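If you want the building blocks of each chain, they are given just below.
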Amino acid sequence: MPISASFRRAIPAASCSPAVVDKRSRGKRAWKGKPNGMDPLLELLLNAVVAGLLLGAFYAAVAVGIAIAFGMLDIPNLAHPAFVVMGAFAVWLLNDAFGLDPILAGILCLPPFFLLGVLLYQAYYACFESRGDNALQGLAFFFGILFVTEVVLILVIGADYRTVAAPYIGPNWRIGGIDLPLRMLVPALVSLLMIGGLHLLLTRSFIGRAILAVSQDPLALQLMGASPVRTKRLAFGLSIATAAIAGALLIIIQPVEPSIGREFIGRAFAVVVLGGMGSFVGMLMAAMVLGVTESLVATLFSPSWAPAIAFGFLLPTLAIRAGGLMGRKL
Amino acid sequence: MASSLAIDGLEAGYGTVRVLNGLSLTVGAGETVALLGTNGNGKSTLMKCIMGLAVPMAGSIRAEIDGVTHELAGARTEDIVSLGIALVPEGRRLFPRLSVEENLTLGAYRPAARAGLRRGLEYCFEAFPRLAERRRQLAGSMSGGEQQMLALGRALMSEPRILLVDEPSVGLAPLLVKRTIEKIRELKESRNLTVLMAEQNFVQALSIADRGYVIVHGEIAFTGNSAAELNDNELIRKFYMGL
Ligand SMILES: Nc1ncnc2c1ncn2[C@@H]1O[C@H](COP(=O)(O)OP(=O)(O)OP(=O)(O)O)[C@@H](O)[C@H]1O
Ligand SMILES: [Mg+2]
C-alpha cells in the first residue's frame, strides 16, 4: 500500500488490513466543501501540493539516515528502512504498554538505536571495510540484515498492522481551504527539526566536519588527529538513531506491518541520490519534489500510478543533473 | 621552548619489501633540515613512519617536545598529532569537496588546537591572502599553488611544534616553488617551528635549510652540516643531479 494513498484518511484504520483509499473520493469532498471563493480545481491542487510537501518532509526523515550512511560514509545500508520499521514497532510497544507519546517514545529509542548502529558498523568494519573489499559484499550484508530484521519483527510482533494513539492523530486544521491533518503536520515538523539539528551538528562541530571528510580522504583525516574508524562508527550510530524518530513518524502517519519498509527503499535512495549524495538541502528538496509529484498524480490520476510517475519524473532529472540537485560538485 | 626529532636505526617497508634500512637522522630544535633524494628512495616512507601511518620494524623515532621525550614508533597517528607534530603530505591530500575554510578548520581538530581555531584562521588568512578570498571555494577546485598553500595552512592550524613537509614543490611552476619554499621559511620563523622537509628540488630546498641529508635506498648516504657542504658534495653530483 503506497503511503501516499493512505495518509489522507482522517483516522487510520485500527489493526485491520488497510484498504487503499481512492483519493478521488477525497477530492470530491473538497468540491462540495464550504464555498470560500476559491476555484475548486485550484483548491484541489493546492491541497495536493501541501499534502505532498508534508509527505516529502516525512520521506526526508527516512532518507536522512541513508544520506549519512550512503552519501557521507560510503556504507550501502540497504536495511535502513527496516530499521525505520523496527523503530515504529519499538514506539508502538512503548505507546501500547505505557501510553507514551509516540514522539517521546521515538526520542527514548535514540540511545539503543545509536548503540545498534555502532555495533552494526563494528561488524561491517571487521567483516568488510577493514579488508578493503566492501562494495558488493557490503550490499549483500545489508540486504541480509534487511531480511533478518523483517523476519525477526514478524516472529516477535506478528505480521499484523499496528497503530499508535496520540492527541494529534485525528484532528485536522483547515486554513483558507487547505487541509492540514495534524498526523501529517506534526511528523513533518519533527522531521524538519531533526534534519536541521543534524545539519548544525555536521557543519558546526569538529566531529561533524570529520564526518563530512571521512570518505573523501581517511588518511588525511588521520593526519588531522581524528580516527576514521571512530568517526564512521559514531556517524553510523547517528544514522541508525534517526531511524527511531523516522519510525515514530511512520507509525503516526499510517499503520505499520513488518515488511512495509520495502516501500521506502526505492524512494529513500532516490531522494538521497537526487539530492546530491550527502547534501541535506538537496535531499530535502528532492524529498519535497517526490512527495508533491506523488500527491499530485494521486489526486489527478490514480494513487496506484503515483510511485511510477514520481520515478519517471526523478530519472530524467537525474539524467540532466547527474550530480543531484545540490551535491558538492567539482 | 622548541622541539626536536631523533631517528635511530629505522627499518620499515611494505609487506616483504624493505624500504628503510637502518636510517638515522636528527632534526635539532628550531632547525630546518632538508631530506634530499630522488624518486623511490624512501622519503615519504620515513614521513609515514614518523606520523604512525607506517609501522617500523626496528629502530626508534624520538620526539622531544617542551622538554619531554616521546617514542613515536608504534604510537597511534592521533596521539602523534596530539603531541604537536604535523605533516603536509605528499600530494597535499586536501578534502576536495570541503571548502577552504572547512579544510582549515579540520586542521585544528586536535583537542589542544580547538580553542585557537579563530586565531588560527586569522593567521592563515593573513599569511595566505589568497585563501581568504577563496574561503568558500571547494578545495578540489583550487589551482595547484593554492592547494599547496591550503595544505600548509591546514597543517599549521594544529599549532604544531614540529612540521614535516613532503615534497612541497611537486607540480608547481618554478616561480611558485620558490614562493612556497620561501613561505615555509617565513612560517617557520614566525611560529618558531622545527622543520623537516623532503625535497627533490635541491637548489630550492637548500636555500632555506640549515642542514641536509641525502637518502639513497633507505639509508643516509651523506650528511651535510651546511648548505655549502651539500652543494660541493661529490655524491650529490653523482647520484642526485646525475652529473
Ligand atoms: N603503499 C606501498 N606499498 C608498497 N610499496 C610502497 C608503498 N609506498 C611506497 N612503496 C615503495 O617504497 C619505496 C619508497 O617509496 P617512497 O614513497 O618512500 O619514496 P620517495 O622517496 O618518497 O619517492 P618520491 O620522491 O617519488 O615521492 C618505493 O620503491 C615504492 O615503490
Ligand atoms: Mg615521496
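Note that the structure is a prediction, hence the values are computed from the model and not measured.

What counts, and where the lines are drawn
- Residues numbered from 1 in each chain as written.
- Chains lettered and ligands numbered in written order.
- Predicted model: local features only at pLDDT ≥ 70, side-chain atom pairs only at ≥ 80, totals over all residues.
- Heavy atoms only, no water.
- 1 Å grid on protein atoms, 1.4 Å probe; cavity = no way out; pocket = protein on both sides within 12 Å on 5 of 7 lines; lining within 4 Å.
- Points joined across faces, edges and corners; volume = space filled by probe spheres on them.
- Nonpolar A, V, L, I, M, F, W, Y, C, P; charged D, E, K, R; others polar.
- Salt bridge = Lys/Arg side-chain N within 4 Å of Asp/Glu carboxyl O.
- Helix = DSSP H or I, 4+ residues; strand = E, 2+ residues; numbered from the N terminus.
- Buried < 20%, exposed > 50% of the residue type's maximum accessible area, 1.4 Å probe, protein only.
- Donors = N, O, S within 2.8 Å, 3.2 Å for Na, K, Ca; no water.
- Near = heavy atom within 4 Å.
- Polar contact = N/O pair within 3.5 Å; in protein donor to acceptor, adjacent residues only side chain to side chain.
- Areas by Shrake-Rupley, 256 points an atom, 1.4 Å probe, with all protein chains shown as cover.
- Phe/Tyr/Trp six-rings, centres within 6.5 Å; stacked < 30°, edge-to-face > 60°.
- Lys NZ or Arg CZ within 6 Å of the ring centre and 35° of its normal.

In this section: empty space enclosed by the protein. Taken as a whole, this structure holds one cavity of 30 Å³ or more when the rule is applied. Taken as a whole, the largest cavity holds about 40 Å³ of empty space. Lining the largest cavity, in full, are L223 and M224 of chain A together with V81, A86, G107, R154, A155 and S158 of chain B. Residues that form the lining of the largest cavity fall into these classes: five nonpolar, two polar and one charged.

Turning our attention to the pattern of salt bridges. Using the criterion set out here, one finds 23 salt bridges over all chains in the structure. Residues D217 of chain A and R93 of chain B are paired through a salt bridge, measuring 2.9 Å at the closest nitrogen-oxygen approach. In this pair, D217 of chain A sits in the loop between α9 (206-213) and α10 (218-223) while R93 of chain B sits in the loop between β6 (85-88) and α3 (100-107), so the two residues belong to two different chains. Taking relative accessible area as the criterion, D217 of chain A reaches 7% and is therefore assigned buried. A salt bridge links R76 of chain B to D79 of chain B, with the nearest nitrogen and oxygen atoms 3.3 Å apart. What makes R76 of chain B partly exposed here is its relative accessible area of 46%. Owing to a relative accessible area of 37%, D79 of chain B belongs among the partly exposed residues under this scheme.

Let's shift gears to the coordination of the magnesium ion (ligand 2). When a metal holds four donors in a tetrahedron, each ideal angle between them is 109.5 degrees; when it holds six in an octahedron, the ideal angles are 90 or 180 degrees. Coordination of the magnesium ion (ligand 2) by the protein involves S44 of chain B (OG) and E90 of chain B (OE), with metal-donor separations of 1.9 to 2.4 Å. With S44 of chain B in helix α1 (residues 43-50) and E90 of chain B in the loop between β6 and α3, the pair connects residues that are 46 residues apart, well separated along the chain.

Once that is clear, we can look at the site of ligand 1. Residues and elements named next belong to chain B. Around ligand 1, the structure places 14 residues, and the nearest of them are N39, K43, T45, E90 and E167. At 2.7 Å, a side-chain N or O of K43 approaches an oxygen atom of ligand 1. Contact with the protein chains removes 61% of the 630 Å² of surface that ligand 1 exposes when unbound. Counting residues per element, the shell around ligand 1 draws most heavily on α1, at four residues. Residue composition of the shell around ligand 1, by class: two nonpolar, eight polar and four charged.

Attention shifts here to the packing of aromatic side chains. Per the counting criterion, the structure on display carries 16 aromatic pairs over all chains. Measuring from centroid to centroid gives 5.8 Å for Y124 of chain A and F128 of chain A, while their planes differ by 40°, and the two rings are tilted. Here the two residues Y124 of chain A and F128 of chain A agree in accessibility, since each one is buried. With 5.3 Å between their ring centres and 45° between their planes, Y124 of chain A and F142 of chain A make a pair best called tilted. Here the residue Y124 of chain A occupies a position in helix α6 (residues 110-127), and F142 of chain A occupies one in helix α7 (residues 136-157), the gap between them amounting to 18 residues. Judged by its relative accessible area of 1%, Y124 of chain A falls in the buried class. According to the relative accessible area criterion, F142 of chain A is buried, its value standing at 0%. Here a set of aromatic residues connected by ring pairs shows up, and it is made of Y121, Y124, Y125, F128, F141, F142 and F236 of chain A. Directly above the ring of Y109 of chain B sits R114 of chain B, whose terminal nitrogen or CZ lies 4.5 Å from the centroid. Sitting over the face of the ring of Y123 of chain B, R191 of chain B holds its NZ or CZ atom 4.4 Å from the ring centroid.

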